Amino acid sequence: MRLFYATALVLLSASISFSATAEVLQVPDESPQMGESQKMEMPVRGMHKDQVRAHFGEPREIKPAVGDPPISRWIYEGYTVYFEYSYVIQSVINR
């Protein structure tokens, strides 16, 4: 029993002596881009391709559908619109 307590005491003191360290990660401030995205009007989820074309005009480039379900992209000046079948699933600002 004494061996058990001695081993437990050694392990406990060893674990206490190790200090936890952490690294601080600096993330650049991207607030200007955040402001741009709030001002930029883009297609919203659920819009049909015909509605997007009527409201935002012809895209600069159309990427064909890939995968299952088929995901296609329309690239506009400043943002890209992703479609699943014929409906918008996401609009993102181009970098």
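Everything that follows concerns the structure shown earlier in this document.
These remarks concern the structure in this document. (Residues numbered from 1 in each chain as written. Predicted model: local features only at pLDDT ≥ 70, side-chain atom pairs only at ≥ 80, totals over all residues. Heavy atoms only, no water.)

**A few points about the overall build of the protein**
Step number 1: Looking only at helices and strands, one finds three helices and four strands in the protein.
Step number 2: The order of α-helices and β-strands along the protein, N terminus first, is α-α-α-β-β-β-β.
Step number 3: Within the protein, the proportion of its 95 residues that are buried is 18%.
Step number 4: A separation threshold of at least 6 residues defines the contact pool for the protein, and within that pool the share at least 24 residues apart is 32%.
Step number 5: About 7800 Å² of surface is accessible on the protein, with carbon and sulfur atoms providing 59% of the total. (Helix = DSSP H or I, 4+ residues; strand = E, 2+ residues; numbered from the N terminus. Buried < 20%, exposed > 50% of the residue type's maximum accessible area, 1.4 Å probe, protein only. Contact = heavy atoms within 4.5 Å. Areas by Shrake-Rupley, 256 points an atom, 1.4 Å probe, with all protein chains shown as cover.)

**Topic: the pairing of strand β4 (residues 87–93)**
Step number 1: Sheet topology note: the strand β3 (residues 79–84)/β4 ladder contains six bridges and is antiparallel. Each residue of the ladder has a partner; that of Val81, found in β4, is Ser91.
Step number 2: Taking the residues between adjacent antiparallel strands as the criterion, β3 and β4 are bridged by two residues, where Tyr85 takes a positive phi near 60 degrees. (Pairing = 2+ DSSP bridges.)

**Here's the deal with a nonpolar patch on the surface**
Step number 1: Taken together, the side chains of Met1, Phe4 and Tyr5 present a nonpolar region at the surface, about 420 Å² in accessible area.
Step number 2: Here Phe4 lies in helix α1 (residues 2–17). (Patch = residues over 30% accessible without salt bridge, like charges linked within 9 Å, V, L, I, M, F, W, Y side chains within 5 Å. Salt bridge = Lys/Arg side-chain N within 4 Å of Asp/Glu carboxyl O.)

**Examining the sheet that holds strand β1 (residues 61–66)**
Step number 1: In space, the four strands of this open sheet follow the order β1-β2-β3-β4, with antiparallel pairing throughout. The sheet terminates laterally at β1 and β4, the two strands that pair on one side only. Adjacent strand axes in the sheet meet at a mean angle of 20 degrees, parallel and antiparallel pairs treated alike.
Step number 2: Sheet strands touched by helix α3 (residues 49–56): β1, β2 (71–76), β3 and β4. Its angle to β2, the strand with the most contacts, is close to 0 degrees. (Axes fitted to C-alpha atoms, helices over the stretch in contact; angles between N-to-C directions.)

**Brief notes about α3**
Step number 1: Listed in full, the buried residues belonging to α3 are Lys49, Val52 and Phe56. Taken end-on, α3 shows its buried residues confined to a sector of 60 degrees, consistent with a single buried face. Facing away from the buried side of α3, by more than 90 degrees, are the exposed residues Asp50 and Ala54.
Step number 2: Turning to α3, the residues buried within the fold contact β2, β3 and β4.
Step number 3: Directly after α3, the chain includes Gly57, whose backbone phi takes a positive value near 85 degrees. (Arc of directions from axis to C-beta.)

**Digging into the side chain of Ser72**
Step number 1: Among the structural elements, Ser72 can be located in strand β2.
Step number 2: Contacts of Ser72, omitting those with residues within four sequence positions, involve Lys49, Lys63, Pro64, Ala65, Val81, Tyr82, Phe83 and Tyr85.

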